[in-house]
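# Working through the structure, step by step
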Amino acid sequence: MMYDRILVRYGEISTKGRNRNKFIDRLRKSVKRALRDHPNAAIKAERDRMFILLNGEDSEEINRKLKDIFGIQSFSPAVKVDKDLEKMKDAALELFKKIHQPEQTFKISAKRSDKTFELDTNEINSEFGSHILKNIDGLKVDVRNPDVTLQIEIRKEAAYISAETIKGAGGLPAASGGKGMLMLSGGIDSPVAGYLTMKRGLEVEGVHFFSPPFTSERAKQKVLDLSEQLAEVTGQFALHIVPFTEIQQAIHKQIPDNYTMTTTRRMMLRITDALREKEGALAIITGESLGQVASQTLESMFAINEVTTTPIIRPLITMDKLEIMDIAHKIKTHDISIRPYEDCCTVFVPSSPKTKPKLEKVQNFESYFDFEELIQKAVEGTERIIIKPASEREEDPGDALF
Ligand code: ATP
Ligand code: MG
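Overview of the structure.

Basis of the calculations
Residues numbered from 1 in each chain as written. Chains lettered and ligands numbered in written order. Predicted model: local features only at pLDDT ≥ 70, side-chain atom pairs only at ≥ 80, totals over all residues. Heavy atoms only, no water. Helix = DSSP H or I, 4+ residues; strand = E, 2+ residues; numbered from the N terminus. Buried < 20%, exposed > 50% of the residue type's maximum accessible area, 1.4 Å probe, protein only. Areas by Shrake-Rupley, 256 points an atom, 1.4 Å probe, with all protein chains shown as cover. Lys, Arg positive; Asp, Glu negative; His and termini not counted. Charge placed at Lys NZ, Arg CZ, Asp CG, Glu CD. Core = buried A, V, L, I, M, F, W, Y, C linked by side-chain atoms within 4.5 Å. Contact = heavy atoms within 4.5 Å. Arc of directions from axis to C-beta. Polar contact = N/O pair within 3.5 Å; in protein donor to acceptor, adjacent residues only side chain to side chain. Near = heavy atom within 4 Å. Nonpolar A, V, L, I, M, F, W, Y, C, P; charged D, E, K, R; others polar. Salt bridge = Lys/Arg side-chain N within 4 Å of Asp/Glu carboxyl O.

## Section: the overall build of the chain
For the chain, the count of helices and strands is 14 helices and 15 strands. If you line up the chain on its principal axes, its C-alpha atoms span 85 × 40 × 40 Å. When burial is assessed residue by residue, the chain has 52% of its 402 residues classed as buried. Here the chain has roughly 19,300 Å² of accessible surface; of this, 48% comes from carbon and sulfur atoms. When the 59 basic and 61 acidic side-chain charges of the chain are each reduced to a single mean position, those positions are 3 Å apart.

## A short note on the nonpolar core
Where a protein is soluble and globular, its nonpolar side chains tend to be buried together. The biggest cluster of nonpolar side chains holds 48 residues, and the ones touching the most others in it are Val31, Leu66, Ile132, Leu150, Ile152 and Ile161. Considering every element that reaches this core, the biggest residue donor is helix 3 (residues 85-99), with 7 residues. Setting aside anything within four residues of it in sequence, one finds isoleucine 152 in contact with Met88, Ala92, Ile108, Ser109, Ala110, Lys111, Ile124, Phe128, Tyr160 and Ile161. By size, the runner-up hydrophobic cluster in this structure holds 28 residues, among which are Ala193, Met198, Leu230 and Leu316.

## What to know about helix 2 (residues 59-66)
Within helix 2, burial applies to Ser59, Ile62, Asn63 and Leu66. Along helix 2, the residues classed as buried sweep out an arc of 110° about the axis, all on the same side. Facing away from the buried side of helix 2 by over 90 degrees, the exposed positions are Glu60 and Arg64. In this structure, the buried side of helix 2 is in contact with strand 1 (5-9), helix 1 (20-34), strand 3 (49-53), strand 4 (72-81) and strand 9 (166-170). The N-capping residue of helix 2, defined by a side-chain oxygen 3.4 Å from the backbone nitrogen of glutamate 60, is aspartate 58.

## Regarding the site of ligand 1
Taken together, 21 residues are adjacent to ligand 1, and Met183, Ser185, Asp189, Ser190 and Gln292 come closest. Residue aspartate 189 places a side-chain N or O atom 2.7 Å away from an oxygen atom belonging to ligand 1. In this structure, an oxygen atom belonging to ligand 1 sits 2.8 Å away from a side-chain N or O atom of arginine 265. At 3 residues, the largest contribution of residues to the shell around ligand 1 is made by strand 11 (residues 203-210). In terms of residue class, the shell around ligand 1 is built from 9 nonpolar, 9 polar and 3 charged.

## Quick word on the pattern of salt bridges
Counted under the stated rule, the structure contains 25 salt bridges. Here glutamate 157 and arginine 155 are joined by a salt bridge, their closest N and O atoms 3.6 Å apart. Assessed through its relative accessible area of 11%, arginine 155 is described here as buried. Put simply, Asp48, Arg49, Glu153, Arg155 and Glu157 are held in one network by salt bridges that share partners.

## Comments concerning helix 14 (residues 371-380)
Each α-helix turn comprises 3.6 residues. Residues three or four places apart therefore point the same way. For helix 14, the complete set of buried residues consists of Phe371, Leu374, Ile375, Ala378 and Val379. Seen from one end, helix 14 has its buried residues packed into an arc of 140°, which puts them on one side. Turned more than 90 degrees away from the buried face of helix 14, the exposed residues are Glu373 and Glu380. In the core, the buried residues of helix 14 are packed alongside strand 12 (237-243), helix 7 (245-254), helix 8 (260-279) and helix 13 (359-366).

## Here's the deal with the side chain of glutamate 57
Within the fold, glutamate 57 resides in the loop between strand 3 and helix 2. Despite its burial, glutamate 57 pairs with no opposite charge, the nearest such side chain being lysine 65 at 8.0 Å. Among the polar contacts listed, one links the side chain of glutamate 57 to the side chain of histidine 38, at a separation of 3.2 Å. Here glutamate 57 is in contact with His38, Pro39, Asn40, Ala41 and Ile62, once residues within four sequence places are set aside.

Below is the structure:
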C-alpha cells in the first residue's frame, strides 16, 4: 500500500473565523486549477484541512504542484486506515518498508484527536515503534533527530499514516482579499511586489506606463512576459497599458528639470488611482524600496504620495536589493527583468533629480498647466488586456480563478 491521499494543512486560514468558508473555497479553486492535469484527483475540503484523494494519480507530481499554492501551510502524503489496531500496525509497517533506506533512524509521532481510541499517544508511539523494530532488522529509534518520522493520526472517522511533512507556500489563498493595482515597470522590483501581494490573497491587476516611440515594442514585450509569469499564480493577469508619451512631453516642457521625476511619479499615481477606481480596486501596489533611488527617499515619497489617499502597498519597502533579487529568481521574473530595454522613465531621466523635493514647489510648478485633461485622455486611451500563463499558452486555459 502506498499513499492514497494528500493531507493539506491550512495554516493561517484556520484563524479566519466567520470568513473561513470563503477562504477554503478559494483554496479549493486554486488546488483544482493546479491539478487540472490530474483528472482523477478529487478534492475534499473540510473545515480544518483538505484531502486530495489521489485515485491512482502520482503523489510526487502533485506534491510539486501543491508547493506553489498560496494558503497551504504544509501537506503530507498519507494513507487512510480503519481504526483497527492490527490493520493500522500492518499499514504502518508496509508504508515504512517502502520509504525507509538501510541505516536510517526513525521515530513514531502519534496524534490523537479521537480521545476514545484505545491507546493514548505514548502507548501508540511504543506499540507501533516496537512493531516496526520487530519486523525490520538493524533499525534504530532516534527520538531527537530521526531520519524518518512516521506520523500516526487518530481522528474520529479513521486513522491516517504519513511519513513526510512538506512545507507549503504559506500566505492566503489567491483572490481571497480584494483587488489592488500594481504599478508594473519592466524592472526587477515591481513584479516581486506583485507576487508578494498576491501571496496575501489580493487579486492584482497591472498598470504599465508606455511612452512610444521613446520606449520600444521590446520594452513593452518585457512587461507582457512579466505579466505572463505573474499569471501563473491565478491563471490570468489583467494588464492596463497606459499611453504616457504626451504627459511625459508636457512634463518636460512645463517642469524644471530637477523636478520632472517627482511630477512624473505624481502623474503616474494619479492615473493609476483613476484606473483603480474604474476597476473597483482598493489599493495601489509599487515596487518601491526605501533609499534605493532618488524617487525613493522619504522626502520623494512624501511629495509623490500627496496626490492620493488610497492605501499604497509597498511590500519591498524595507528589503535590500539582494533579498528582492532572490525572490525574483524564485518566481522566475529576474531574467526577464534584466533584459536591457529602456522603460519610459529611463528615457526622460533628468541629469540630477531632486532627492529631497519640496511638496510646495512641485505643486507650484504643476499649477501652471492643466494636467487633468491629459490624465483623462490617458485613462481613456488605456488598453486592458488579459494575459494567460506561459504554461497554458498551447493548451486549454482551464478554470481561471476569476
Ligand atoms: P522596478 O525595479 O520595479 O522598476 P525601480 O527600482 O526601477 O523599480 P523606480 O524606477 O523608482 O524603481 O520605480 C518605482 C516604482 O514605480 C516601480 O517599482 C513601479 O512600481 C513604479 N513604476 C516605475 N516605472 C513604471 C512604469 N513605466 N509603469 C508602471 N509603473 C512604474
Ligand atoms: Mg524601474
